[in-house]
Amino acid sequence: MSPTSAAATYAPLAQPGFWIRFARGIGISLPPVLVALYVGATTFDGGTFLPWQPIMVDLGVYRQAGSVLLAGGDFYDLPGPLQFLYPPFAAVLAVPLALLPTTVVQVGWTAAGALALVAVLHRFGLKGWVLSAASTAVVYVVEPVVQTLAFGQLGIFLVALIVLDLVPGPRVFSRRLLPEGVLTAVATAIKLTPAIFVVYLLLVRKFRAFWTAVITGIVVTLITFAIVPAASWEFWTRLTHGDTGLGHSIIYYTNQSVMADIVRIFGLGQAAAIVGLVLSAAVAVAGVWAAMLWHRLGDIRLAVNLCGVAGLLASPVSWLHHFVWVVPLAMSLIERRPIGPRRLPTWYLALGWFFVGWVTVAPFTDLPNGADVELQWTWSQHVLASITAVAGLFLVASAIVIARPRVLTIFARADRESVTQRQ
């Protein structure tokens, strides 16, 4: 089999009628949705499931931004300590959240997050009761998912948009509804971190998907600029000057990026910031390189996940709840690969499972935190907080070490065979 025959490798199975699949989908999705509602309402102290009183602070910020936009105000200057930091397109999408009753939004948002996880796991081949049980377990056990649901965050949706756009595998419908690249562009317009996948599309020579993503992103940005010109100008000009609006919160203990580790260890200074940015850029390059190599070997699923992990490590801010990428990464590690260039060594599987397990349990959440106390940590506390980034870096770098000689060997052999055929 050709190492790049992804269409054959991930060919979808024949599917029954729509209404039968719809009924099965309801049965499969109900357990993870119910558990997600419970987790979302009860994870944080003070929240209750019955009566329904969750503490979804981030969802509250989204709704507030939508309300301020409707009132003609500046949604980048909200009253209160929590601010809206996403691109203006995200604020436009938040308008419907502001129009509906709070309980309806909270329940619908949480249920949609659970359904998005079900869709991600289904794309990796799970189905039936296995899909239902696995989705329920993920919702209840995986800490980034738990925190995403409890905060009312949007990280699950970003991962789902990328996976459903770029990862081959079973689909709910018989054919793709949107051209490849559209959902990637939407994810990037909501939050800038997924832009790494646009670079990935270019380097793996998926030019149609690349230009689809670029053009879609430009169109979405221009439409948003027409709707909220002042806010759009404020966001993009502030960002070009390096102002993320985060301030000292970049050192907060649940920020598990490379930049966060550098700044926590060396302090909030220009030198540390420059070193952090350089290392972050290097991580992004390594992640795209690893993804490109594994794409050429035909393992698109692993390629996309490596790109996702690298994007988290390279972003200046990656809170724990952003690490939902460990869910599809775990599916890539579980996947059985035949003997050949796509085979993963046992030691790499062990490294991958360590990274997934570490982030799933998140032992660093017990570290002292708040009021810049992170700058006063002992060396052992810094080590504990840095394990996520270090393990992730080893995961990406090792993927390059494994794949590069295999790619060189395969394509060198192909070149020799081509020369022989011409002779």
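Our subject is the structure listed above.
Residues numbered from 1 in each chain as written. Predicted model: local features only at pLDDT ≥ 70, side-chain atom pairs only at ≥ 80, totals over all residues. Heavy atoms only, no water.

## What to know about the overall build of the chain
What counts here: Helix and strand assignments follow DSSP, with helices taken as H or I runs no shorter than four residues and strands as E runs no shorter than two, numbered in order from the N terminus. The globule rule used for comparison is 2.2 Å times the number of residues to the exponent 0.38, while the radius of gyration itself is calculated over C-alpha atoms. Two residues qualify as a contact provided that any one of their heavy atoms is within 4.5 Å of a heavy atom in the partner residue. Using a 1.4 Å probe, the Shrake-Rupley method yields the accessible areas, and only the shown protein chains count as cover for residues. Positive charge is attributed to Lys and Arg, negative charge to Asp and Glu, and no charge count is given to His or to the chain ends. To locate a charge, take atom NZ for lysine, CZ for arginine, CG for aspartate or CD for glutamate.
Regarding its fold elements, the chain presents 19 helices and 0 strands. The C-alpha radius of gyration computed for the chain amounts to 22 Å, which stays within 12% of the reference 22 Å derived for 423 residues, consistent with globular compactness. Projected onto the principal axes, the alpha-carbon positions of the chain cover approximately 75 × 60 × 45 Å. Intrachain contacts of the chain at a sequence separation of at least 6 include 72% that bridge at least 24 residues. On the chain, roughly 19700 Å² of surface is accessible, and the fraction owed to carbon and sulfur atoms is 69%. Averaging the positions of the 25 positive and the 17 negative side-chain charges in the chain gives two centres separated by 19 Å.

## Examining unusual backbone geometry
In this chain, Leu 50 is followed by Pro 51 through a cis amide linkage whose omega measures 0°. Along the chain, the position of Pro 51 falls in the loop between helix 2 (18–42) and helix 3 (57–70). Look at Ala 362: it is not a glycine, yet its phi comes out positive at around 55°. On the secondary structure map, Ala 362 appears in the loop between helix 18 (346–361) and helix 19 (379–422). Although it is not a glycine, Asp 372 sits at a positive phi angle of roughly 65°. Here Asp 372 lies in the loop between helix 18 and helix 19.

## Observations concerning the packing of aromatic side chains
Geometry of an aromatic ring pair is reported as the spacing of the ring centres plus the angle between the planes. Here is the rule: Stacked, edge-to-face and tilted are the three classes for Phe, Tyr and Trp ring pairs, Trp counted by its six-membered ring, which pair at centre distances within 6.5 Å; planes under 30 degrees apart are stacked, over 60 edge-to-face, the rest tilted. Relative accessibility decides the category of a residue: with a 1.4 Å probe and only protein chains considered, values under 20% of the type maximum give buried, values over 50% give exposed, and everything between is partly exposed. Counting as a charge over the ring demands two things of the Lys NZ or Arg CZ atom: a distance within 6 Å of the ring centre and an angle within 35 degrees of the ring normal.
Tallying each qualifying case throughout the model produces 19 aromatic pairs. Each ring, one from Phe 235 and one from Trp 236, has its centre 4.9 Å from the other, and the planes form 85°; the classification is edge-to-face. Overall, the relative accessible area of 3% leaves Phe 235 in the buried class. Seen in terms of ring centroids, Tyr 252 and Tyr 253 are 4.8 Å apart; in terms of plane orientation they differ by 80°. Their pairing is edge-to-face. A residue is classified by how much of its surface remains accessible, and Tyr 252, at 33% relative accessible area, is partly exposed. Judged by its relative accessible area of 12%, Tyr 253 is buried. The structure contains a cluster of three or more aromatic residues connected by ring pairs, namely Tyr 62, Phe 75, Tyr 76, Phe 84, Tyr 86, Trp 109, Phe 157, Phe 235 and Trp 236. Its guanidinium or amino end placed over the ring of Tyr 76, Arg 238 lies 5.3 Å from that ring's centre, counting from NZ or CZ.

## Examining the nonpolar core
This is how it is decided: In these notes, a set of buried Ala, Val, Leu, Ile, Met, Phe, Trp, Tyr and Cys residues joined through side-chain atoms within 4.5 Å is what counts as a nonpolar core.
If you look at the biggest cluster of nonpolar residues, it comprises 125 residues, and the most contacted ones within it are Phe 75, Phe 84, Tyr 200 and Trp 294. Residues Ile 251, Val 263, Val 317 and Trp 319 belong to the second largest nonpolar core, which totals 6 residues.

## Describing the environment of Phe 364
Mapping Phe 364 onto the fold places it in the loop between helix 18 and helix 19. Once the C-alpha coordinates of Phe 364 and Pro 54 are considered, the two residues, 310 residues apart in sequence, prove to be 24 Å apart. Contacts of Phe 364, omitting those with residues within four sequence positions, involve Tyr 253, Gln 256, Leu 320, Trp 358, Leu 384, Ala 385 and Thr 388.

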